[in-house]
Amino acid sequence: MKSYQTAFIELALANQVLTFGEFTLKSGRVSPYFFNLGRIAGGAGMRRLGEAYAQALAAAGVEYDMLFGPAYKGIPLVTAVATALAGPDAGGRDVPFAYNRKEAKDHGEGGTLVGAPPRGRVVIVDDVLTAGTALREAVGLLRAAGAEPVAAVIALDRQEKGTSGRSAVQEMEHDTGIRVIPLVTVDVLLEYLAGGAVPAATVEAIRSYQSRHGVSA
């Protein structure tokens, strides 16, 4: 397990991003855990989150020219990641970023895109890939603007089968041709939790859920 993954899981547990119990998902499945990155809503937490994303991106070895954050959750995330990349620990790289509005603006600068003009190789920054609607829209927007989306970095890969038998991440990579880079997968999460962070029964419940609904790593 990489150091940024440990730091991210500790951040998630401390801020109740990751909670345990019984949660009914959109799919109708009852999950033994729930993940809500919106729980991180302070400056210190966002700084640490941005650093984790930046480190995951560096570890992936992706070459890119700018970042993009899909509305709405991707907007603060892309800002935090760009800020982290500009810090001394990340080499002080000043990476431009952009984001989109849900509705086009018909005055001022107009349009749906805000920030740096999309160009070159773009990494999309978002929270969790569920249906993948926001990411697919982002890929379309960027390609229409003449940019090349090359990857998406997200917080968690649930590694859970959809109706096709593939996970949401596998579907996204198959449908769009871009690489999806998670900070952590459920497998990594289980490795950490099994070290005593939660009761053994919680770990077993997640393992049981994954054995029924999970995909192979």
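Conventions we followed
- Residues numbered from 1 in each chain as written.
- Predicted model: local features only at pLDDT ≥ 70, side-chain atom pairs only at ≥ 80, totals over all residues.
- Heavy atoms only, no water.
- Helix = DSSP H or I, 4+ residues; strand = E, 2+ residues; numbered from the N terminus.
- Rg over C-alpha atoms; globule rule 2.2 N^0.38 Å.
- Buried < 20%, exposed > 50% of the residue type's maximum accessible area, 1.4 Å probe, protein only.
- Contact = heavy atoms within 4.5 Å.
- Areas by Shrake-Rupley, 256 points an atom, 1.4 Å probe, with all protein chains shown as cover.
- Lys, Arg positive; Asp, Glu negative; His and termini not counted.
- Charge placed at Lys NZ, Arg CZ, Asp CG, Glu CD.
- Polar contact = N/O pair within 3.5 Å; in protein donor to acceptor, adjacent residues only side chain to side chain.
- UniProt positions renumbered as here; feature names shortened; annotations may be inferred.
- 1 Å grid on protein atoms, 1.4 Å probe; cavity = no way out; pocket = protein on both sides within 12 Å on 5 of 7 lines; lining within 4 Å.
- Core = buried A, V, L, I, M, F, W, Y, C linked by side-chain atoms within 4.5 Å.
- Pairing = 2+ DSSP bridges.
- Points joined across faces, edges and corners; volume = space filled by probe spheres on them.
- Nonpolar A, V, L, I, M, F, W, Y, C, P; charged D, E, K, R; others polar.
- Salt bridge = Lys/Arg side-chain N within 4 Å of Asp/Glu carboxyl O.

When you look at the overall build of the chain in this model, what are you seeing that I'm missing?
In terms of helices and strands, the chain carries 7 helices and 8 strands. Taken against the 2.2 N^0.38 rule, which gives 17 Å for 217 residues, the C-alpha radius of gyration of the chain at 17 Å falls within 12% of a compact globule. Each principal axis of the C-alpha distribution contributes one length, and for the chain these read about 55 × 40 × 30 Å. In the chain, which comprises 217 residues, the share counted as buried stands at 47%. Across the chain, the fraction of contacts at a sequence separation of at least 24, relative to all contacts at a separation of at least 6, is 70%. Put simply, the chain shows about 10,500 Å² of open surface, and 50% of that area lies on carbon and sulfur atoms. Computed over 21 positive and 22 negative side-chain charges, the inter-centroid distance for the chain is 2 Å.

Help me out: how do you make sense of the environment of Asn36 in this one?
For Asn36, the position within the fold is in the loop between strand 2 (30-35) and helix 2 (43-60). Only 3.1 Å separates the side chain of Asn36 from the backbone nitrogen of Gly38, close enough to count as a polar contact.

Is there a simple way to explain the UniProt feature "binding site: orotate" (unreviewed entry) in the chain in this structure?
With numbering matched to this structure, UniProt assigns "binding site: orotate" (unreviewed entry) to Phe34, Phe35, Thr130 and Arg158. The greatest C-alpha distance among the residues just named is 12.5 Å, despite their covering 125 residues of sequence, which places them together in space. The annotated residues named above include Phe35 as those lining the largest cavity. Looking at the element boundaries, Phe34 is found in strand 2. When neighbours within four sequence positions are excluded, Phe34 is seen to be in contact with Val17, Leu18, Thr19 and Phe23. Note that Phe35 resides in strand 2. Ignoring any residue separated from it by four or fewer positions in sequence, one finds Phe35 in contact with Phe8, Val17, Leu18, Val128, Ala155 and Leu156.

Sorry, what's going on with the nonpolar core here?
One recurring pattern in soluble globular proteins is that nonpolar side chains are buried together. Formed by 49 residues in total, the largest nonpolar core has its most connected members in Phe8, Phe35, Leu37, Leu49, Tyr53 and Leu67. In terms of residue count, helix 2 provides more of this core than any other element does, 8 residues in total. Residues contacting Leu67, with those up to four places away along its chain left out, are Leu57, Val78, Val81, Ala82, Leu85, Val95, Pro96, Phe97, Ala98, Val122, Val123 and Val125.

Looking at this model, I keep getting lost on the pairing of strand 1 (residues 18-24). Mind explaining?
In this sheet, strand 2 lies alongside strand 1 in antiparallel orientation, the contact comprising 5 bridges. Of the residues in strand 2, the one forming a bridge with Phe20 is Tyr33.

Where do I start with the side chain of Thr185 in this structure?
Locating Thr185 in the fold gives a position in strand 8 (residues 179-185). The exposure class of Thr185 is buried, given its relative accessible area of 16%. With residues up to four places along the chain from it excluded, the contact list for Thr185 reads Leu156, Asp157 and Gln159.

Help me out: how do you make sense of the layout of surface pockets in this one?
If you roll a probe as big as a water molecule over the atoms, it shows you where there is empty space left. The volume enclosed by the largest pocket comes to roughly 1,200 Å³. Val128, Leu129, Thr130, Ala131 and Gly132 are the residues nearest the centre of the largest pocket, which is lined by 40 residues in total. Every element with two or more residues in the lining of the largest pocket is listed here: strand 2, helix 4 (133-144), strand 7 (148-157) and helix 5 (168-176). At 5 residues, helix 4 tops the list of elements feeding residues into the lining of the largest pocket. Split into classes, the residues belonging to the lining of the largest pocket amount to 15 nonpolar, 11 polar and 14 charged.

Explanation requested: empty space enclosed by the protein in the structure shown.
Within this structure, the stated rule accounts for 1 cavity of 30 Å³ or more. Its volume calculated, the largest cavity comes out at about 40 Å³. Every residue along the wall of the largest cavity is listed here: Phe8, Ile9, Ala12, Leu18, Phe35, Leu156, Val184 and Leu189. For the lining of the largest cavity, the element with the most residues is helix 1 (residues 3-14), which contributes 3 residues. Looking at the lining of the largest cavity residue by residue, the class counts come to 8 nonpolar, no polar and no charged.

It is not clear to me how the pattern of salt bridges should be interpreted in this structure. Could you clarify?
A side chain with one charge may pair with a side chain of the opposite charge, provided their charged atoms come close. With the rule as written, the count across this model stands at 8 salt bridges. Salt-bridge contacts for Arg158 lead to Glu160; the nearest nitrogen and oxygen are separated by 3.0 Å. We note that Arg158, like Glu160, is buried. Close ionic contact of Arg166 with Glu171 constitutes a salt bridge, the shortest N to O distance being 3.7 Å. Each member of the salt-bridge network shares a partner with another, and the members are Arg29, Arg158 and Glu160.

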